[in-house]
Amino acid sequence: MKVQFPAMKGMIGQRTYFACLMNLSAIPKMFTFQDWIEFRPEDREQRVLNRKRVPEIARYITENEDGYLFSSITASYQCEVNFKPVNGADGIGTLEMDFEKANFVINDGQHRCAAIAQALDQNPALGDESISVLLFPYENRERVQQMFSDLNRFVVKTSKSLDILYDKRDPLSIATLDVCEKVAAFQGMVEKDSVSLPVRSAKLFTLASLYDANRELLGNVQDDEATIPSMVATAVTYWDEVSKHIPLWMKVKNGDLRAIEFRQENISAHSVVMRALGAAGGDLMKERPEDWQERLTALESVDWSKKNKDWDNICIVANSVVSNRQARSATKAYLKYKLGLTLTDGELKTISHLAAPVVAEGGQA
């Protein structure tokens, strides 16, 4: 059986290739998966399919049917093909091949192909949509290995801050960007591109750290745009109140203190502290809904200096600020302790070298 696809014929790297349009319904039929795990790494023509990634990509398709987007799939064909120009045009026409003899090595996009197949199982109507496929003639194993390397050589994962900035589907991303503009201490002080602050940056916070802090503050956010105004209102109120009791933030913003000098000596705007402030704030609002604002005055007694020995083995190890899970948990526990909140047994253990007996959740002092 012959199959045909709309195609354009081109040349790159002194090799002829075809840019085709294929219906999604054709992808599972045209592209099958070789279980490369059976081969030695040097004998494989593709990396091993990570099946754990497939459901997440399939869910992206099915949950965003009105706006999902994919780059082209790239494959090498090992069969006879016949390009038929349309109306005498050299580069535009149809590509024909024998379906039974079609044999491909996926150079780039095997997880997309597997996810498309899974999404079609959930919603067959997606099969009428199309995706671009770049087809190159198969030469040998060394060539397809080189193609895989070349296609992935310059791929750079975007920073978390940039992902948040450009994500219009995530309610928390939208809310966090709004919070950046409405909290005086954050206005013009949030790095929205990089995940870390350059040494000479005049900013204090990163969008990624503020996003994580809001996640901790607000808890698990439902994927519902209706929740955005309430999220913004809660976060703005909280961070406005926090900034009153960490006055150095506003000193930097107002130009009375250079950001580079602040960051050299102070950890109050560091990502591990911001996340802990969000987490402690979430617990504070639940435990003391009537007077949580007054409780935050205790932040004025916290010594945020890196020289403060309290931070040793909390979020400073070997004179360096760390942001791993243990540090985040210990920093949250320390702030809850300073705010006079109830600590769990686990939280007590993380600061046992500092804290006096404190009532633990489900226990007694």
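We now turn to the structure provided with this report. (Residues numbered from 1 in each chain as written. Predicted model: local features only at pLDDT ≥ 70, side-chain atom pairs only at ≥ 80, totals over all residues. Heavy atoms only, no water.)

### A word on the overall build of the chain
- Within the chain, the secondary structure is distributed over 14 helices and 11 strands.
- For the chain, the C-alpha radius of gyration of 27 Å lies well beyond 21 Å, the compact-globule estimate for 365 residues.
- Projected onto the principal axes, the alpha-carbon positions of the chain cover approximately 80 × 45 × 45 Å.
- Burial analysis of the chain (365 residues in total) assigns 42% to the buried set. (Helix = DSSP H or I, 4+ residues; strand = E, 2+ residues; numbered from the N terminus. Rg over C-alpha atoms; globule rule 2.2 N^0.38 Å. Buried < 20%, exposed > 50% of the residue type's maximum accessible area, 1.4 Å probe, protein only.)

### Brief notes about the sheet that holds strand S7 (residues 130-137)
- If you walk across this open sheet you meet the seven strands as S4-S5-S1-S2-S7-S3-S6, and the pairing is mixed. For this open sheet the edge positions go to strand S4 (81-85) and strand S6 (104-108), each flanked by a neighbour on one side alone. The sheet shows a mean angle of 35° between the axes of neighbouring strands, taken without regard to direction.
- Here strand S3 (residues 73-77) runs beside S6; their pairing, made up of four bridges, is antiparallel. Bridge assignment links Ser 76 to a residue of S6, and that residue is Val 105.
- In the packing of helix H3 (residues 110-122) onto the sheet, contacts are made with S3, S6 and S7, and the angle to S6 comes to roughly 110°.
- Where helix H4 (residues 141-153) meets the sheet, it contacts strand S2 (15-23), S3, S6 and S7, and its direction lies at approximately 25° from that of S6. (Pairing = 2+ DSSP bridges. Axes fitted to C-alpha atoms, helices over the stretch in contact; angles between N-to-C directions. Contact = heavy atoms within 4.5 Å.)

### Comments concerning the nonpolar core
- By size, the foremost hydrophobic cluster in this structure holds 62 residues, and its most contacted members are Phe 186, Trp 239, Trp 249, Leu 277 and Trp 304.
- Counting only elements with at least two residues in this core, the list comes to helix H6 (171-182), helix H7 (207-218), helix H8 (228-244), helix H9 (248-253), helix H10 (259-265), helix H11 (271-287) and helix H13 (325-338).
- Membership of the second largest hydrophobic core comes to 31 residues, among which are Ile 61, Cys 79, Leu 95 and Leu 120. (Core = buried A, V, L, I, M, F, W, Y, C linked by side-chain atoms within 4.5 Å.)

### Focus: the packing of H6 against H8
- At a minimum axis separation of 9 Å, H6 and H8 run at an interaxial angle of 40°. Between H6 and H8, the angle is such that the two are oblique. As H6 packs across H8, the resulting crossing turns out to be right-handed. Between H6 and H8, the residues in contact are Pro 171, Leu 172, Ile 174, Ala 175, Asp 178, Val 179 and Lys 182 and Ile 228, Met 231, Val 232, Ala 235, Val 236, Trp 239 and Asp 240, respectively.
- The residue makeup of the contact of H6 with H8, split by class, is 11 nonpolar, no polar and three charged. (Parallel < 35°, antiparallel > 145°, perpendicular 65-115°, else oblique. Left-handed = near helix turned anticlockwise from the far one by under 90°. Nonpolar A, V, L, I, M, F, W, Y, C, P; charged D, E, K, R; others polar.)

### Some details on the pairing of S3
- For S3, a buried count of five out of five residues is recorded, marking the element as mostly surrounded by other parts of the structure.
- Burial along S3 is two-sided: Ile 73, Ala 75 and Tyr 77 facing one way and Thr 74 and Ser 76 facing the other are all buried.
- Pairing geometry for S3 and S7, over five bridges, is parallel. Note on S7: the bridge partner recorded for Ile 73 is Val 133.

### Focus: the side chain of His 245
- Tracing the sequence through the fold places His 245 in the loop between H8 and H9.
- Within polar-contact distance, the side chain of His 245 engages the side chain of Glu 300 at 2.7 Å.
- Apart from residues no more than four positions distant in its own chain, His 245 is found in contact with Gln 293, Leu 296, Thr 297, Leu 299 and Glu 300. (Polar contact = N/O pair within 3.5 Å; in protein donor to acceptor, adjacent residues only side chain to side chain.)

### Some words on the packing of H7 against H11
- Taken N-terminus to C-terminus, the directions of H7 and H11 make an angle of 20°; their axes are 7 Å apart at the nearest point. Between H7 and H11, the crossing angle belongs to the class labelled roughly parallel. In this structure, the crossing between H7 and H11 has a hand that is right-handed. In this structure, H7 uses Ser 209, Leu 210, Asp 212, Ala 213, Glu 216 and Leu 217 to contact H11, whose residues at the interface are Ser 271, Met 274, Arg 275, Gly 278, Ala 279, Gly 281, Gly 282 and Met 285.
- Across the contact of H7 with H11, the residue classes break down as six nonpolar, five polar and three charged.

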